[in-house]
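Structural overview
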Amino acid sequence: VQLQAFGGGLVQPGGSLRLSCAASGSIFSRNVINFMGWYRQAPEKQRELVATITSGRSTNYADSVKGRFTISRDNAKNTVYLQMHSLKPEDTGVYYCNVPVAGINYWGKGTQVTVSS
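Along each chain, the written sequence defines residue order, and numbers are assigned to residues from 1. Predicted model: local features are reported for residues with pLDDT of at least 70 only, side-chain atom pairs are reported and counted for 80 or more only, and whole-chain, interface and lining totals are derived from all residues. Excluding hydrogens and water, the side-chain values take into account all heavy atoms of the structure.

**Here's the deal with the overall build of the chain**
Along the chain, the regular secondary structure elements total 1 helix and 11 strands. Counting helices and strands in the order they occur from the N terminus, the chain gives β-β-β-α-β-β-β-β-β-β-β-β. Based on C-alpha atoms, the radius of gyration is set beside the globule rule, defined as 2.2 Å times the residue count to the power 0.38. Against the globule reference of 13 Å for 117 residues, the chain gives a C-alpha radius of gyration of 14 Å, in line with a compact fold. The principal-axis extent of the C-alpha atoms belonging to the chain is close to 45 × 25 × 20 Å. Scored against the burial criterion, the 117 residues of the chain give a buried share of 42%. For the purposes of this entry, the term helix denotes a DSSP run of H or I that reaches at least four residues, the term strand denotes a run of E that reaches at least two, and both are numbered from the N terminus. When accessible area is computed with a 1.4 Å probe and restricted to protein chains, residues below 20% of their type maximum are described as buried, those above 50% as exposed, and intermediate ones as partly exposed.

**Comments concerning the packing of aromatic side chains**
Pairing of aromatic side chains here covers Phe, Tyr and the six-membered ring of Trp, requires ring centres within 6.5 Å, and sorts the geometry by plane angle: under 30 degrees stacked, over 60 edge-to-face, intermediate tilted. Counted by the stated rule, this structure contains 2 aromatic pairs. Plain terms: the ring middles of Tyr-39 and Trp-107 are 5.0 Å apart, the flat faces sit at 70° to each other, and that makes the pair edge-to-face. Taken together, the residues span a long stretch of sequence, with Tyr-39 in strand S4 (residues 36–41) and Trp-107 in strand S10 (residues 104–107) at a distance of 68 residues. The class of Tyr-39 is partly exposed, set by a relative accessible area of 22%. A relative accessible area of 35% means that Trp-107 is categorised as partly exposed. Its end group placed over the ring of Trp-107, Arg-47 keeps NZ or CZ at 4.6 Å from the ring centre. Lysine and arginine charges are scored as sitting over a ring when NZ or CZ, respectively, is within 6 Å of the ring centre and within 35 degrees of the ring normal.

**A short note on the state of the cysteines**
Disulfides are defined as cysteine sulfur pairs within 2.5 Å. All chains considered together, the criterion is met by 1 disulfide. For Cys-21, the disulfide goes to Cys-97, at an S-S distance of 2.0 Å. Placement of Cys-21 in strand S3 (residues 17–24) and of Cys-97 in strand S9 (residues 93–101) is noted, with a sequence separation of 76 residues between them.

**Here we look at the side chain of Thr-79**
Locating Thr-79 in the fold gives a position in strand S8 (residues 79–84). Nitrogen and oxygen atoms within 3.5 Å of one another constitute a polar contact, given that in protein one can donate a hydrogen and the other can accept it, and given that sequence-neighbouring residues count only through two side-chain atoms. Among the polar contacts made by the side chain of Thr-79, one reaches the main-chain carbonyl oxygen of Lys-77 at a distance of 3.0 Å. Among residues more than four places away in sequence, those in contact with Thr-79 are Ser-20, Cys-21, Ala-22, Met-36, Ser-72, Arg-73 and Asp-74. Residue contacts are counted whenever heavy atoms from the two residues lie within 4.5 Å of one another.

**Side note on the pattern of salt bridges**
For salt bridges, the criterion is a side-chain nitrogen of Lys or Arg within 4 Å of an Asp or Glu carboxyl oxygen. Throughout the structure, instances matching the rule amount to 4 salt bridges. In this structure, the salt-bridge partner of Asp-91 is Arg-68, at a minimum N-O distance of 2.8 Å. Residue Asp-91 is located in the loop between S8 and S9, and its partner Arg-68 is located in the loop between strand S6 (59–61) and strand S7 (69–74); the two are separated by 23 residues in the primary sequence. Assessed through its relative accessible area of 1%, Asp-91 is described here as buried. It is possible to trace a salt-bridge network through shared partners that takes in Arg-40, Glu-48, Arg-68 and Asp-91.

**Section: the environment of Lys-88**
Its place among the elements puts Lys-88 in the loop between S8 and S9. For the pair Lys-88 and Gln-12, spaced 76 residues apart in sequence, the C-alpha to C-alpha distance is 8.1 Å.

Distances and angles like these do not, on their own, reveal function.
Have a look at this one:
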């Protein structure tokens, strides 16, 4: 079982980044993956929801990212993406992908996003 996230980095305010996270392993191939999501954790803050997407591509976003971030997925590849535009310093943090399957909450290792001039 592996959740591998890619795409973090250092970007200036107003910039863009695209994160991706691929879920691999037999448990993902044997089960329907309904929800896939992204969370983030800033220094000294609790982990918070950024966005989720269902297998039917219904989406949900935190108010702070609405209109700037877009979540999408490729069901055939069990991959979830997060396109981030108009990034702000307060978007800085470690971004984690989350895939609940068969009653277990799987988390990726996280990828660092730093928004700074």
